[in-house]
Amino acid sequence: MSISDASDESWRPPTVMDPSTTFRHKVRAEELTLAITPNDDVFVLAHFGVPHFEVKSWRLRIEGLVNKPLALTIDDIRRFPKIEIESFIKCAGFPHDPTIATRSVSNAVWGGADLREVLDAAGLDPAAQYLWASAPDHGTYARWGADHYRKDVPVTRVREGSVLLAYEMNGAPLPQTHGFPVRLFIPGFYGTNSVKWLCRLEASRERAPGIFTNELYNDPAPDGGTAPVWQAAPEALIVAPADHGRVEPGRHEIWGWCWGDHAIAIVEISLDGGQSWQRAEVEPRRQMAWQRFSLLADCAPGPLTIMARATDTRGVTQPSRDARNAVHGIKVSVG
Ligand SMILES: Nc1nc2c(c(=O)[nH]1)N[C@H]1C(S)=C(S)[C@@H](COP(=O)(O)O)O[C@H]1N2
Ligand SMILES: [Mo]
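Residues numbered from 1 in each chain as written. Chains lettered and ligands numbered in written order. Predicted model: local features only at pLDDT ≥ 70, side-chain atom pairs only at ≥ 80, totals over all residues. Heavy atoms only, no water.

Undergrad: It is not clear to me how the overall build of the protein chain should be interpreted in this structure. Could you clarify?
TA: A count of helical and extended segments in the protein chain gives 4 helices and 27 strands. Relative to the compact-globule value of 20 Å for 335 residues, the protein chain shows a C-alpha radius of gyration of 21 Å, a close match. For the protein chain, the spread of C-alpha atoms along the three principal axes comes to 70 × 45 × 35 Å. Each of the 335 residues in the protein chain was classed as buried or not, and the buried ones make up 52%. Of the roughly 14,400 Å² that the protein chain leaves accessible, carbon and sulfur atoms contribute 51%. Once the 35 positive and 41 negative side-chain charges of the protein chain are each reduced to a mean point, those two points are 0 Å apart. (Helix = DSSP H or I, 4+ residues; strand = E, 2+ residues; numbered from the N terminus. Rg over C-alpha atoms; globule rule 2.2 N^0.38 Å. Buried < 20%, exposed > 50% of the residue type's maximum accessible area, 1.4 Å probe, protein only. Areas by Shrake-Rupley, 256 points an atom, 1.4 Å probe, with all protein chains shown as cover. Lys, Arg positive; Asp, Glu negative; His and termini not counted. Charge placed at Lys NZ, Arg CZ, Asp CG, Glu CD.)

Undergrad: How do you make sense of the site of ligand 1 when you look at a structure like this?
TA: The immediate surroundings of ligand 1 are formed by 19 residues, with F43, D137, H178, R183 and K196 found nearest. A distance of 2.7 Å is found between an oxygen atom of ligand 1 and a side-chain nitrogen or oxygen belonging to R183. Protein burial of ligand 1: of its 540 Å² of free accessible surface, 100% is covered by the chains. The leading source of residues in the shell around ligand 1 is strand β3 (residues 44-46), at 3 residues. (Near = heavy atom within 4 Å. Polar contact = N/O pair within 3.5 Å; in protein donor to acceptor, adjacent residues only side chain to side chain.)

Undergrad: Would you mind going over the packing of aromatic side chains with me for this structure?
TA: To describe a pair of aromatic rings, one takes the distance between the centres and the angle between the planes. Counting across every chain of the model gives 7 aromatic pairs. With 6.3 Å between their ring centres and 20° between their planes, Y141 and W144 make a pair best called stacked. With relative accessibility at 8%, the residue W144 sits in the buried group. On the basis of an interplanar angle of 20° and a centroid distance of 6.3 Å, the ring pair of F189 and W230 is categorised as stacked. Here W230 lies in the loop between β18 (226-228) and β19 (235-240) and F189 lies in the loop between β15 (183-185) and β16 (200-204), a separation of 41 residues in the sequence. Accessibility assignment for this pair places F189 and W230 in one class, buried. Clustering of aromatic rings is evident, with ring pairs tying together F48, Y149 and F212. A cation over a ring is seen here: R309 above W277, with NZ or CZ 4.0 Å from the ring centre. We note R324 situated over the ring of Y190; from NZ or CZ to the ring centre the distance is 5.4 Å. (Phe/Tyr/Trp six-rings, centres within 6.5 Å; stacked < 30°, edge-to-face > 60°. Lys NZ or Arg CZ within 6 Å of the ring centre and 35° of its normal.)

Undergrad: Would you mind going over the sheet that holds β19 with me for this structure?
TA: Within a beta sheet, neighbouring strands are joined by backbone hydrogen bonds and run either parallel or antiparallel to one another. Here 4 strands make up an open sheet; going across it, the order is β19-β21-β25-β24 and the pairing antiparallel. At either end of the open sheet lies a strand with only one pairing partner, and these are β19 and β24 (281-282). In terms of strand pairing, β19 meets strand β21 (residues 250-259) through 5 bridges, oriented antiparallel. In the sheet register, I238 faces β21, and the bridge partner there is G256. (Pairing = 2+ DSSP bridges.)

Undergrad: What is the right way to read the pattern of salt bridges from this model?
TA: Pairing between side chains of opposite charge can happen when their charged atoms approach one another. Evaluation of the coordinates by the stated rule reveals 23 salt bridges. A salt bridge links R286 to E86; the nearest nitrogen and oxygen atoms lie 2.7 Å apart. Note that R286 is positioned in the loop between β24 and β25 (291-299) and E86 in strand β7 (residues 82-90), a separation of 200 residues in sequence. With relative accessibility at 33%, the residue R286 sits in the partly exposed group. (Salt bridge = Lys/Arg side-chain N within 4 Å of Asp/Glu carboxyl O.)

Undergrad: Sorry, what's going on with the side chain of H47 here?
TA: As for its placement among the helices and strands, H47 is situated in the loop between β3 and β4 (51-52). Polar contacts involving the side chain of H47 include one to the side chain of Y217, which spans 2.7 Å. For H47, the residues in contact, after removing those within four places along its chain, are T21, T22, P95, T140, Y141, Y149, F212 and Y217. (Contact = heavy atoms within 4.5 Å.)

Undergrad: So what exactly am I meant to see when it comes to helix α2 (residues 115-122) here?
TA: Given 3.6 residues per helical turn, the α-helix brings residues three or four places apart onto the same face. All of the buried residues along α2 are L115, V118, L119 and A122. Down the axis of α2, the buried set is contained in an arc of 100°. They therefore lie on one face. Capping the start of α2, D114 holds a side-chain oxygen 3.0 Å from the backbone nitrogen of R116, two or three residues further along. Following α2 by one or two positions, G123 has its phi on the positive side, about 65°. (Arc of directions from axis to C-beta.)

Spelled out as structure tokens, the structure:
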């Protein structure tokens, strides 16, 4: 039987979905006070719910355009040199609507094997352009249904390095909800691409078929077609003061986190609904981590709207509205 035969179930272990409906977890922006998000606070998004299977029946299969197909156990993966990358993870938001900003973001240290090395061991065919990454979770999400979760990543990104077969988050084994035992982790790409509960990587000349690559997570492109939701756009999130909170009149530190596939060079803060902007301090980026920005500002009594706007090292700035990375604004009352 061909490995690409859809009826071949051998690529995945017997799986039970629990819960078997969309599972989300998220803390409020003002709770993201630590540079490294504690594991319990890292947001969770699982379209179909959370799959459970026995690790002893789990393998990561690497096949398709490779000279030496592999079926790796967790111990096999741990034998590759372990690398650790501090990186933000940012959800793209609604898979079918790029105009809504959902602002689910966290920052963690991801530990695992560099996929580039694992592909070298499998003898990746130079003709391969994409890696199809599949997981056994299945069911329905909103009005869509699928019998597995599959994304693809360009081989060029994997060759740049630091794309992980991740088995640790902040030094601990991956929690079940975050993809135990192994997930793909692609620093700089939107979270949707970092396939959890990874079971299969297929090297191909073509992009992967399926709703998560063809229908969902595709943005309208200028040429009238669509573009895959891969690299994360620049964005800033205000942590303090808390949205809808109250502060005393006087000087306050306005601060938060900013991130993007490219490092953030500038964050500007507006205290007047976007009419005027002041430059905040932005800390330099460590690896692919989010960066802290801050500004000391005088807050006079009354209602106050605070906005933060990031610009990356290429000069790309956040749109003011109708985008997944639209400028974040909060309202506080001073007095
Ligand atoms: N197998 C699988 N991987 C998945 C998903 C999923 O539903 N199933 N959701 C994706 C989405 S949309 C996001 S934003 C990230 C979230 O990762 P986290 O839950 O560890 O924060 O996982 C991605 N990987
Ligand atoms: Mo997401």
